[in-house]
Amino acid sequence: RIGLPVPEGIIITTRMCNKFFSEKKLWPSIRQRILAKMRTLENKTGRNFGDPKSPLLVSVRSGAPLSMPGMMDTVLNLGINDEIAESMASRMGSKFAFDTYRRFIQLFGSIVLKIDRAKFEAVLEKAKSRKGIKNDSDLSGDDLRSIANSYKAIVEEETGKKLEQDPEKQLFMAIQAVFESWWNKRASEYRKIYNIPDSLGTAVSIVRMVYGNYNANSGTGVAFTRDPSTGEKSLYAEVLLNAQGEDVVAGIRTPMHVDKIKQLMPKVYAELERSAKILEKYFKDMQDIEFTIEDGRFYLLQTRNGKRTPAA
């Protein structure tokens, strides 16, 4: 509403979260409402959930009423399966398609199916070491296809079932997992430390995916609307090209300073600057924001009041 470039999405409220905790499952009427809202999202985006020809992939994100950075879980690239991955590979290249698929399997596997994340990481590291490369982005389409297959084998080995191929079932499983992440150890401890009531619950946002891993003209970044060390009124941001949000958190690659983006993608920089001004004016506080660049287009994903030094 305030003129920011945010991808389309739908929100399941905290009230629904607390009802989920009392019901212990997603009750029939909310499942119907979620699917009806997904149809609306399809109309807005011109893409169809579960359709190989024009697939709508989504992120399923937590959203507590009070900021709890990094405490709860997010599943990216949801809605992809074997058929959709192959269709994306034929239209957009196997590197992008299978990079997206392996990322989904790892997040869905670790967050929804509770498989140890290290099992997936070990496969990825082995593939990179075999090729003598350091960065995930240097892997070929064939490498990534092979990694996705190995990830599927891990899922089957750990759960005794094949990876879920039905996007609607994937969606409901992910929504439940994000609601349940309200009670994970990290989040529970964080609430104790900061006196946040357990009764608040978390919302779940289902948002159209924008792909920071689409090509070299894409990326993911974090920014403070002011310098968090000094308080100086200047953008303080870092960007990883050809990457998704998880890569920034993992710290595998060194991000580039935002000044480089100013040179490479002046329009993206101008949009970041404009958004930073709008956000500060709206929240009346310094903001800590996450954004994605998809093929030279800037999208804002999330914002919170920024933490800074006493001097700042």
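In case you missed it, the structure is sitting above this.
Colleague: Give a description of the overall build of the protein that names residues and reports values.
Modeller: Looking only at helices and strands, the protein has 11 helices and 9 strands in total. Its C-alpha atoms give the protein a radius of gyration of 19 Å, within 12% of the compact-globule value 20 Å for 312 residues. Taking the principal axes of its C-alpha atoms as reference, the protein extends roughly 55 × 50 × 40 Å. Split into buried and exposed, the 312 residues of the protein put 48% on the buried side. Across the protein, contacts joining residues at least 24 apart in sequence account for 64% of those joining residues at least 6 apart. Working note: accessible area of the protein is about 15,400 Å², and carbon and sulfur atoms make up 50% of it.

Colleague: Talk me through the pattern of salt bridges; I want residue IDs and the actual numbers.
Modeller: Evaluation of the coordinates by the stated rule reveals 21 salt bridges. In this structure, Asp82 engages Lys152 in a salt bridge whose closest nitrogen and oxygen atoms are separated by 3.0 Å. Placement of Asp82 in helix α3 (residues 82-92) and of Lys152 in helix α6 (residues 141-159) is noted, with a sequence separation of 70 residues between them. The residue Asp285 makes a salt bridge to Arg308 at a minimum N-O spacing of 2.7 Å. Linking Asp285 in the loop between α11 (266-283) and β8 (287-294) with Arg308 in the segment after β9 (297-305), this pair joins segments that are 23 residues apart in sequence.

Colleague: Which residues make up a nonpolar patch on the surface, and what are the values?
Modeller: Taken together, the side chains of Ile2, Tyr282 and Phe283 present a nonpolar region at the surface, about 290 Å² in accessible area. Tracing the backbone shows Ile2 in the segment before β1 (9-12).

Colleague: Outline the packing of aromatic side chains, listing residues and values.
Modeller: Counting across every chain of the model gives 11 aromatic pairs. Residues Phe291 and Phe298 carry aromatic rings whose centres are separated by 5.4 Å and whose planes lie at 35° to one another, so their mutual orientation is tilted. Each member of the pair, Phe291 as well as Phe298, carries the same accessibility label: buried. Put simply, the rings of Phe20, Phe21, Phe179 and Trp183 touch in pairs and so form one group of aromatic residues. We note Arg191 situated over the ring of Trp182; from NZ or CZ to the ring centre the distance is 3.9 Å. Of note, Arg191 hangs over the ring of Trp183, and the distance from its end group to the ring centre comes to 5.2 Å.

Colleague: An account of α3 is requested, with residue identities and associated values reported.
Modeller: Of all the residues in α3, the buried ones are Ile84, Ala85, Ser87, Met88 and Ala89. Buried residues belonging to α3 abut α4 (94-112). For α3, the capping residue at the N-terminal end is Asn81, with a side-chain oxygen 3.2 Å from the backbone nitrogen of Glu83. Just downstream of α3, Gly93 is the residue with a positive phi angle, here 100°.

Colleague: Describe the environment of Tyr214, and please don't skip the residues or the numbers.
Modeller: Inspection of the secondary structure puts Tyr214 in the loop between β4 (203-208) and β5 (219-224). Relative accessible area serves as the criterion here: at 30%, Tyr214 is assigned to the partly exposed category. Residues Tyr214 and Asp99, spaced 115 residues apart in sequence, show a C-alpha to C-alpha distance of 9.3 Å. Beyond its immediate sequence surroundings of up to four residues, Tyr214 is in contact with Met92, Phe96, Asn242 and Asp295.

Colleague: If you had to explain the environment of Asp285 to someone new, which residues and values would you point to?
Modeller: You can call Asp285 partly exposed: its relative accessible area is 25%. Along the primary structure Asp285 and Thr225 are separated by 60 residues, whereas in three dimensions their C-alpha atoms are 9.2 Å apart. With residues near it in sequence (within four places) discarded, Asp285 still touches Glu280, Asn305 and Arg308.

Colleague: Describe the packing of helix α5 (residues 117-131) against α6, with residues and values.
Modeller: The geometry of α5 relative to α6 is characterised by a closest axis approach of 10 Å and an angle of 150° between their N-to-C directions. When the axis of α5 is compared with that of α6, the two are roughly antiparallel. Note on packing geometry: the crossing formed by α5 with α6 is right-handed. On α6, the residues touching Lys119, Phe120, Val123, Leu124, Ala127 and Lys131 of α5 are Asp143, Ile147, Ser150, Tyr151, Ile154, Val155 and Glu158.

Colleague: Explain unusual backbone geometry to me, and be specific about the residues and the numbers.
Modeller: Its identity is not glycine, yet Lys284 carries a phi of approximately 55°, on the positive side. Tracing the backbone shows Lys284 in the loop between α11 and β8. The class for Lys284 is exposed, based on a relative accessible area of 72%. Phi at Asp295 takes a positive value of approximately 50°, unusual for a residue other than glycine.

Each value, and the rule that gives it
- Residues numbered from 1 in each chain as written.
- Predicted model: local features only at pLDDT ≥ 70, side-chain atom pairs only at ≥ 80, totals over all residues.
- Heavy atoms only, no water.
- Helix = DSSP H or I, 4+ residues; strand = E, 2+ residues; numbered from the N terminus.
- Rg over C-alpha atoms; globule rule 2.2 N^0.38 Å.
- Buried < 20%, exposed > 50% of the residue type's maximum accessible area, 1.4 Å probe, protein only.
- Contact = heavy atoms within 4.5 Å.
- Areas by Shrake-Rupley, 256 points an atom, 1.4 Å probe, with all protein chains shown as cover.
- Salt bridge = Lys/Arg side-chain N within 4 Å of Asp/Glu carboxyl O.
- Patch = residues over 30% accessible without salt bridge, like charges linked within 9 Å, V, L, I, M, F, W, Y side chains within 5 Å.
- Phe/Tyr/Trp six-rings, centres within 6.5 Å; stacked < 30°, edge-to-face > 60°.
- Lys NZ or Arg CZ within 6 Å of the ring centre and 35° of its normal.
- Polar contact = N/O pair within 3.5 Å; in protein donor to acceptor, adjacent residues only side chain to side chain.
- Axes fitted to C-alpha atoms, helices over the stretch in contact; angles between N-to-C directions.
- Parallel < 35°, antiparallel > 145°, perpendicular 65-115°, else oblique.
- Left-handed = near helix turned anticlockwise from the far one by under 90°.

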